[in-house]
Amino acid sequence: MRLIPPLLLCALLPLQTAVAAGVHQHGVAQLDLVLDPPMLAVSVRSPLANLIGFEHRPVSEQEQADWARLQQQLQQAEHLLQLPAAADCSLSKVALHQPFTETDTHDGHGHSHSHDHHNHSADDEHQAHADLMVEYHYLCADSAQLKQLQLPLMQHYPGIERLDVQLITPSGQHLSQLRQGETLLELP
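Quick look at the structure, then. Please read these numbers as outputs of a predicted model, since none were measured by experiment.

Our next topic: empty space enclosed by the protein. Across all of its chains, the model carries one cavity of 30 Å³ or more by this definition. What the largest cavity holds in volume is close to 30 Å³. In this structure, the largest cavity is lined by Val 44, Arg 45, Ser 46, Leu 51, Leu 74, Leu 132, Val 134 and Leu 153. Ranked by residue count, the leading element in the lining of the largest cavity is strand β2 (residues 39-47), at three residues. A breakdown of the residues in the lining of the largest cavity according to their chemical character gives six nonpolar, one polar and one charged.

Right under this line is the structure:
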């Protein structure tokens, strides 16, 4: 497993470049997959608007309910991707990297904080283009069976019109793209 840190670094370099350049395109999400048997790591990044319809801190009760529902859905990996049963993979970790913290919207006692939307700070501008990332880590008993993945991601989140995919597998680095309606990702 000594190969993991360099592979993950290679997978994340385009992300760091994209974030540094301020790339943020509605309708487009990115999926990075690193397979280093028996480990499989998958990360999905998307503008928050693709997933929930807004990118600001949730303010209204409806927005807060939608935000809570989204966080709960993303904790369930099968909501975004489905692995072949023959690979016998078990989910070992889920990491949700949120665009704003829970204290931004609640005071710890379940009460909302009101925000003055008339004064726009640099932080407000940053939050106007919020991205969300979720990572899933698996251990697979039979990684050779990982020949394809089902990605119901765009069915659940129709705001995603295109999924840009970067794969790092034992066969090398590969790029792919899925469009709305496409759910099958072949692994080289």
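One open sheet holds the six strands; their spatial order is β3-β4-β2-β1-β6-β7, and the pairing between them is mixed. The open sheet is flanked by β3 (89-97) and β7 (172-179), the only strands paired with a single partner. The average angle at which neighbouring strand axes cross in this sheet is 15 degrees, direction not considered. For β3 and strand β4 (residues 131-140), the ladder comprises eight bridges, and the chain directions are antiparallel. Each bridged residue has a counterpart across the sheet, and for His 97 the counterpart in β4 is Met 133.

This part is about the nonpolar core. Of all hydrophobic cores here, the largest spans 39 residues; its most connected members are Leu 31, Leu 33, Leu 74, Leu 80, Leu 163 and Leu 185. Those elements giving two or more residues to this core turn out to be β1 (28-36), β2, α2 (48-52), α3 (61-74), β4, α5 (153-156) and β6 (162-169). With residues near it in sequence (within four places) discarded, Leu 31 still touches Val 42, Ser 43, Val 44, Leu 151, Leu 163, Asp 164, Val 165, Gln 166 and Leu 185.

This brings us to the side chain of Thr 183. Structurally, the position occupied by Thr 183 is in the loop between β7 and β8 (184-186). We classify Thr 183 as buried; its relative accessible area is 19%. Of the polar contacts made by the side chain of Thr 183, one reaches the side chain of Gln 150; its length is 3.1 Å. Here Thr 183 is in contact with Leu 149, Gln 150, Leu 151 and Gln 155, once residues within four sequence places are set aside.

Calculation notes
- Residues numbered from 1 in each chain as written.
- Predicted model: local features only at pLDDT ≥ 70, side-chain atom pairs only at ≥ 80, totals over all residues.
- Heavy atoms only, no water.
- 1 Å grid on protein atoms, 1.4 Å probe; cavity = no way out; pocket = protein on both sides within 12 Å on 5 of 7 lines; lining within 4 Å.
- Points joined across faces, edges and corners; volume = space filled by probe spheres on them.
- Helix = DSSP H or I, 4+ residues; strand = E, 2+ residues; numbered from the N terminus.
- Nonpolar A, V, L, I, M, F, W, Y, C, P; charged D, E, K, R; others polar.
- Pairing = 2+ DSSP bridges.
- Axes fitted to C-alpha atoms, helices over the stretch in contact; angles between N-to-C directions.
- Core = buried A, V, L, I, M, F, W, Y, C linked by side-chain atoms within 4.5 Å.
- Buried < 20%, exposed > 50% of the residue type's maximum accessible area, 1.4 Å probe, protein only.
- Contact = heavy atoms within 4.5 Å.
- Polar contact = N/O pair within 3.5 Å; in protein donor to acceptor, adjacent residues only side chain to side chain.

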